[in-house]
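# Coordinate analysis (summary)
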Amino acid sequence: MQMNLKFGILALCLVGFAINLTADELKCNSGADCEKKAHIALNQEKNSKKYIQYLTKACKDYKRCFGAILAYTYGTNVEPSYAKAVELLKVDPLDSNHLQTLAYIYTVGDSTLKPDKSKAIKYLRIKCAVEHDDVSGYCERQDIWKEYERFIKNPQKTLFIKGYTPK
């Protein structure tokens, strides 16, 4: 009985050590540090799981979301998931680029998130208000439908990532 207790305590200590070791591996001092560690994980260690974990940490802990959003939107070294991209885009909900990407994602949808025209229009209106510091109702008078139709006609050119061409 006493022998089983010792093995049980030893097993708990080892599990606790392993969990602590895993948590320590994902420590970052800043968003830039997380991004740097993400690229080391991907390029040197060839560990795409650790890569996306660091990018997600950079987003959630430091509001540096560009890398994680890009990865999930385009499936860069991770399974593409608009649902996960939307979750990260909402970390900084008044960023104009994030709002445009949310509108794009809700326009086209994917296997993880159904298209939703009303949400796409909503995010385009908020984007307009953020960009124009809208107190006079300018965005309510703008024809947001035209921008939405532009998304439908050529969705790849509507993402906020200037100069980036998806694979």
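See the structure shown above.
Residues numbered from 1 in each chain as written. Predicted model: local features only at pLDDT ≥ 70, side-chain atom pairs only at ≥ 80, totals over all residues. Heavy atoms only, no water.

### A look at helix α5 (residues 82–89)
Among the residues making up α5, those that are buried are Tyr82, Ala85, Val86, Leu88 and Leu89. Projected onto a plane normal to the axis of α5, the buried residues spread over an arc of 165° and lie on a single side. Packed against the buried residues of α5 are α3 (48–62), α4 (66–74) and α6 (96–108). (Buried < 20%, exposed > 50% of the residue type's maximum accessible area, 1.4 Å probe, protein only. Helix = DSSP H or I, 4+ residues; strand = E, 2+ residues; numbered from the N terminus. Arc of directions from axis to C-beta. Contact = heavy atoms within 4.5 Å.)

### Remarks on the pattern of salt bridges
Two side chains with opposite charge may pair up if their charged atoms get near one another. Enumeration according to the criterion identifies six salt bridges in this entry. The shortest N-O distance in the salt bridge between Lys50 and Glu45 comes to 3.2 Å. Under the relative-accessibility criterion, Glu45 is labelled partly exposed at 41%. (Salt bridge = Lys/Arg side-chain N within 4 Å of Asp/Glu carboxyl O.)

### Some words on the packing of aromatic side chains
Within the structure shown, the criterion is met by two aromatic pairs. Here Tyr82 and Tyr104 contribute two aromatic rings whose centre-to-centre distance is 6.2 Å and whose plane-to-plane angle is 65°, an arrangement assigned as edge-to-face. Remark: Tyr104 occurs in helix α6 and Tyr82 occurs in helix α5; sequence separation between them is 22 residues. By the burial criterion, Tyr82 is buried, and Tyr104 matches it. (Phe/Tyr/Trp six-rings, centres within 6.5 Å; stacked < 30°, edge-to-face > 60°.)

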